[in-house]
Amino acid sequence: MKRFITFIIRLSILNFIFYMLAVFFVAKYNEISVKRGIQKEDIPVSPGPTFSSPTKQASGSVSLFSQLQNHNSRSDCWIAYSGHIYDITSFFGSHPGGDGIMLKYCGQDATAAFDTKDKFPPSPHSENAKSLLQQYLVQ
Amino acid sequence: MKKFAGLLIVIFLCFNTINLWIAAKPTLNIIWESPLRSVSQILALLGIVLTSFVLVLSTKFKWLDKTFGGRGNVFEVHHITGSAAFIFLLNHPLLLAVAALPQSKLALTYFFPSSNAAYNFGIFGLYLMILSFICMVFMRLPFKTWRLAHKLLAPAFLLGGIHALLANSDISSFFPLRIWIGFFIVIGVFSGAYSLFWKQKSV
């Protein structure tokens, strides 16, 4: 019995270390890929329009803000934050506070909710969470 | 009957913890929507409760010997339950990372320190626990060094307890679960402190 337990503990520790390294290298690989992608295309990420901006922008492209309300479900969820649109559909299942809190703001401006975590007193999201959000930038 | 006291206590603790965790969910659908996250949560809660129980056993109070039918039985329950609790806690961030894997940056926050202080307590606690187990399981150490490595588990539990109370989770949102887990964290921390500082002096 003792030997079996020791064996399981050893296996678990090795599994943990292996997985931790795998996640680290996958994240680094993704980071490098993103950097390379930007250098190749040489297209800077332009700031999107503010929430109160007209649906037709100066450049002539159609603002996605007019479509925001249509993306209001778990399978198709957009939110507005600080004048930008984010498609957070693929983030469902990963939010530490649960899916319910995100679902509430699908198709809406979630700026205040994101900055306060819907709490009183406000509890702002970390810098890491903000940089994560940038991965889902649509406009 | 006394031989099975440990098993009965462990079953009772697990049953109560799982019940409270289910009660903390607004709907049962949430559990099935992200199964990996759910398993990870329940493993963390069980890990905390069982580690606290193990720390109580490590105090070597005489009433424990009477309850479990001898020091040998106490040691056996301590050994098996402690190992199970460690494996549960080890798999907690692992499953969260698997659930978050398309977002590799998020997955990293479960393994490496970030700007989230609540997570950092858990990460440091877990690493301290792993370090302790690596010393105990992978190395052949003299007994004094082995015991020193074993003692690292008490501060690791303290860090894990702080993480559990600070992190945004079912514990923070559901009062009965917070009381239940908080109780075990306090009991575990006091038992650990007793084993570390007072027990040695009194023996």
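The following paragraphs examine the structure supplied in this document.

Rules and cut-offs
- Residues take numbers from 1 onward in each chain, read along the sequence in its written order.
- To read the labels, note that chains go from A and ligands from 1, taken in the order they are written.
- With the structure being a predicted model, the display of local features is reserved for residues of pLDDT at least 70 and the display and counting of side-chain atom pairs for 80 or more, all residues being used for whole-chain, interface and lining totals.
- Values shown for side chains rest on all heavy atoms present in the structure; no hydrogens or waters enter the calculation.
- Residues are treated as being in contact if the distance between any of their heavy atoms lies within 4.5 Å.
- Here the buried area means the combined drop in accessible surface, using a 1.4 Å probe, for two parts upon being joined, counting both sides.
- We define a salt bridge as a side-chain nitrogen of Lys or Arg found within 4 Å of a carboxyl oxygen belonging to Asp or Glu.
- Within 3.5 Å is the distance limit for a polar contact, defined as a pair of N or O atoms, with the added protein rule that one can donate a hydrogen and the other accept it, and that residues adjacent in sequence qualify only through two side-chain atoms.
- Strands are runs of DSSP state E lasting at least two residues, helices are runs of H or I lasting at least four, and both sets are numbered from the N terminus onward.
- Gly is put with the polar residues, along with every residue not named as nonpolar or charged; the nonpolar set is Ala, Val, Leu, Ile, Met, Phe, Trp, Tyr, Cys and Pro, and the charged set is Asp, Glu, Lys and Arg.
- A pair of strands is treated as paired once DSSP finds two or more bridges between them.
- By convention a nonpolar core is built from buried Ala, Val, Leu, Ile, Met, Phe, Trp, Tyr and Cys residues, the set being connected through side-chain atoms within 4.5 Å.
- For every residue, the accessible area obtained with a 1.4 Å probe (protein chains only) is divided by the maximum for its type, and the residue is called buried under 20%, exposed over 50%, and partly exposed between those limits.
- Structural elements are reduced to axes, namely lines fitted to C-alpha atoms, with helices fitted over the stretch in contact, and the angle between N-to-C directions of any two is expressed from 0 to 180 degrees.
- For classification, angles of less than 35 degrees are called roughly parallel, those exceeding 145 degrees roughly antiparallel, those between 65 and 115 degrees roughly perpendicular, and all remaining angles oblique.
- Crossing handedness follows the turn of the near helix against the far one: under a right angle anticlockwise gives a left-handed crossing, and clockwise gives a right-handed one.

With 38 residues of chain B at the contact, the number on the chain A side is 36 residues. Buried surface at the junction of chain B and chain A, summed over both partners, amounts to about 3,300 Å²; 69% is from carbon and sulfur atoms. On inspection of chain B and its partner chain A, the count reaches zero salt bridges. Here chain B and chain A share one residue pair in polar contact (both at pLDDT 80 or more) between them. Contributions of two or more residues to the side of chain B that touches chain A are made by α5 (71-99), α6 (104-108) and α7 (117-137) of chain B. Looking at the side of chain B that touches chain A, the element that brings in the most residues is α5 of chain B, giving 12 residues. Residues belonging to the side of chain B that touches chain A are distributed by class as follows: 26 nonpolar, nine polar and three charged.

Another point: the pairing of strand β3 (residues 84-87) of chain A. All names here are of chain A. Of the strand pairs in this sheet, strand β2 (residues 76-81) and β3 are connected by four bridges, and their pairing is antiparallel. Bridge assignment links Y81 to a residue of β3, and that residue is H84. Hairpin connection from β2 to β3: two residues lie between these consecutive antiparallel strands, with S82 at a positive phi of about 50°.

Once that is clear, we can look at the nonpolar core. The biggest cluster of nonpolar side chains holds 48 residues, and the ones touching the most others in it are I9, F16, I79 and I88 of chain A together with F86, F111 and F133 of chain B. At the level of secondary structure, the elements contributing two or more residues to this core comprise α1 (2-41), β2, α3 (111-116) and α4 (127-133) of chain A together with α5, α6, α7 and α9 (153-166) of chain B. F133 of chain B has contacts with I9 and I13 of chain A together with G82, F86, F138 and L153 of chain B, leaving out every residue within four places of it along the chain. Judged by nonpolar contacts, the second largest core, of 32 residues, contains A5, W21, I31 and A154 of chain B.

Residue and element names in this part refer to chain B. Running from N to C, α7 and helix α8 (residues 143-151) cross one another at 155°; their axes reach a closest spacing of 8 Å. One element, α7, and the other, α8, form an angle in the roughly antiparallel class. α8 is crossed by α7, and the crossing has left-handed handedness. Across the interface between the two elements, S132, C135 and M136 of α7 pack against W146, A149 and H150 of α8.

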